[in-house]
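Each chain, letter by letter, is given below.
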Amino acid sequence: MDRKLNPEKPSTGKLYVMGVGPGAGDLITVRAARILSGLDVIYTPTGKKGAQSLAHSIIAEYLSPATEVCTYHFLMKADRAAKEAVWDEVAQSLKERVTSGQKVGFITLGDPMLFSTWVFLLKRLNNLRGLEIVPGITSFSAIAAASATPLAMENQTLAVVSCMAPETVLEQALLSHDCIVLMKVYSNFARIRDLLRRHNLLGHALMMADATLPTEQCWRDLDAYSSETKDSGQDLSYFSTILINKNGQLSR
Ligand SMILES: C[S@@+](CC[C@H](N)C(=O)[O-])C[C@H]1O[C@@H](n2cnc3c(N)ncnc32)[C@H](O)[C@@H]1O
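Everything numeric here is computed off the predicted structure, so don't read it as measured data.

How should I be thinking about unusual backbone geometry in this particular structure?
Generally, phi is negative for residues other than glycine and the peptide bonds are trans, each holding for most cases. Backbone geometry places Glu154, a non-glycine residue, at a positive phi of 45 degrees. When you line up the elements, Glu154 lands in the loop between α5 (139-146) and β6 (158-162). Taking the C-beta count within 10 Å as the criterion, Glu154 has 5 such neighbours and is therefore assigned exposed. Of note in the backbone geometry, Lys184 takes a positive phi value of approximately 55 degrees without being a glycine. Note on placement: Lys184 falls in the loop between β7 (179-183) and α7 (189-198). On the basis of neighbour counts, which here come to 16 C-beta atoms within 10 Å, the residue Lys184 falls in the partly exposed class.

Structure representation (structure tokens):
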């Protein structure tokens with residue numbers, strides 16, 4: 001794929017992997033904004049086939065009109081082999097672009113090193129010369145700031161856990177840490193709420209969906225969220241995260 005690109009360009013291509021933050025266009029770093037304005041091509045992920053890339057909509061204002069946009073559908077629900085085939089294909093395509101001398105961008109929501117498809121590509125690109133990873137503001141940093149929830153202080157500990165983890169792992173995190181970030185809540189909501197109730201943590205938890213986007217919502221009472229959804233039949237956004245801080249009621 002893409003072998004015909006700029007055959008005359010010297011081979012000084014580079015891959016810039018950039019975290020674009022949680023959603024608001026002004027929560028990307030100055031470094032990422034500078035790089036975005038000078039790319040030959042940008043790879044943007046979508047979770048659903050044919051859907052607009054949220055990551056692309058965040059950074060569209062910083063892109064040069066001359067930059068080619070490649071949208072890739074990273075399969076969310078397929079089996080492992082199908083996912084691996086897409087990761088192989090995208091990694092190969094990125095490698096070929098960089099080798100042909102292009103400045104290539106790859107964007108991820110939040111930070112690229114945290115629960116990101118990028119990490120599967122990194123494993124496939126470990127011999128690539130010319131790689132720069134630009135950090136981004138994670139969703140949970142943005143949620144902590146928006147809700148004025150401290151994450152850890154002095155000798156406290158913080159755990160970041162996916163709600164897809166086995167119940168024993170989640171319970172261990174709840175028992176062992178002062179502050180716990182629960183990511184990938186969506187279809188796990190009822191199970192997580194019940195777990196927090198069993199551990200008397202509902203009064204210390206808040207959930208935020210679509211943080212920093214115009215559709216942002218925050219629930220400081222997870223039971224209130226349950227009854228709201230029963231009434232409206234509305235699904236929880238994929239972009240939903242729970243913060244728990246045991247050291248005091250959440251203040252706002
Ligand atoms: C594949 S992970 C991506 C994490 C991302 N790399 C980061 O640094 O935050 C997707 C999960 O991140 C969380 N997330 C991402 N963006 C969010 C947002 N704007 N508001 C709330 N949660 C968000 C949700 O828990 C979601 O299920």
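Still more to cover.
Could you clarify how one ought to interpret the site of the ligand in this entry?
Every one of the 24 residues lining the ligand counts as a neighbour, but Gly110, Thr138, Ser139, Met183 and Ala211 are closest to it. When contributions to the shell around the ligand are tallied by element, the ones reaching two or more residues are β8 (205-209) and β10 (240-245). A per-class count over the shell around the ligand returns twelve nonpolar, nine polar and three charged.

Explain the UniProt feature "domain: Tetrapyrrole methylase" (unreviewed entry) in the protein chain here, please?
In the numbering used here, UniProt assigns the "domain: Tetrapyrrole methylase" (unreviewed entry) feature to residues 14-220. Annotated as 33% helix and 22% strand, the span residues 14-220 places its first and last C-alpha atoms 44 Å apart.

Whenever I open this one, the sheet that holds strand β4 (residues 103-108) confuses me. Can you help?
The pairing of strands in a sheet comes from backbone hydrogen bonds and takes either a parallel or an antiparallel form. Taken together, five strands build an open sheet; the order of strands is β3-β2-β4-β1-β5 and the sheet is parallel. With one partner strand each, in any of the chains shown, β3 (68-73) and β5 (131-134) form the two edges of the open sheet. Recorded for the sheet is a direction-independent mean angle of 20 degrees between the axes of neighbouring strands. Inspection of the sheet shows strand β2 (residues 41-46) paired to β4 by three bridges, in the parallel sense. From the neighbouring strand, Ile42 faces β4, where its bridge partner is Gly105. Contacting β1 (14-19), β2, β3 and β4, helix α3 (residues 80-99) runs over the sheet at an angle of about 150 degrees to β4.

Explanation requested: the environment of Val134 in the structure shown.
Looking at the element boundaries, Val134 is found in strand β5. Val134 gets classed as buried once you count the C-beta atoms within 10 Å, which come to 21. The spatial distance from the C-alpha of Val134 to the C-alpha of Pro112 is 7.9 Å, given a sequence separation of 22 residues. Not counting chain neighbours up to four residues away, the residues in contact with Val134 comprise Tyr16, Val17, Met18, Gly19, Thr29, Arg31, Ala32 and Ile35.

Where do I start with the sheet that holds β10 in this structure?
Taken together, the five strands give an open sheet; going across it, the order is β6-β7-β10-β8-β9, and neighbouring strands pair in mixed fashion. Of all strands in the sheet, those bounded by a partner on one side alone are β6 and β9 (217-219). Sheet twist, expressed as the mean angle between neighbouring strand axes with direction ignored, is 15 degrees. Strand direction decides the pairing type here: β8 and β10, joined by five bridges, are antiparallel. Looking across to β10, one finds that Met207 is bridged to Ile242. Along the sheet, helix α6 (residues 167-176) makes contact with β6 and β7, crossing β6 at roughly 160 degrees.

Cut-off values and rules
- Residues numbered from 1 in each chain as written.
- Predicted model: local features only at pLDDT ≥ 70, side-chain atom pairs only at ≥ 80, totals over all residues.
- Helix = DSSP H or I, 4+ residues; strand = E, 2+ residues; numbered from the N terminus.
- Buried ≥ 20, exposed ≤ 12 C-beta atoms within 10 Å, placed from the backbone.
- Near = placed C-beta within 6 Å.
- Nonpolar A, V, L, I, M, F, W, Y, C, P; charged D, E, K, R; others polar.
- UniProt positions renumbered as here; feature names shortened; annotations may be inferred.
- Pairing = 2+ DSSP bridges.
- Axes fitted to C-alpha atoms, helices over the stretch in contact; angles between N-to-C directions.
- Contact = placed C-beta atoms within 7 Å.

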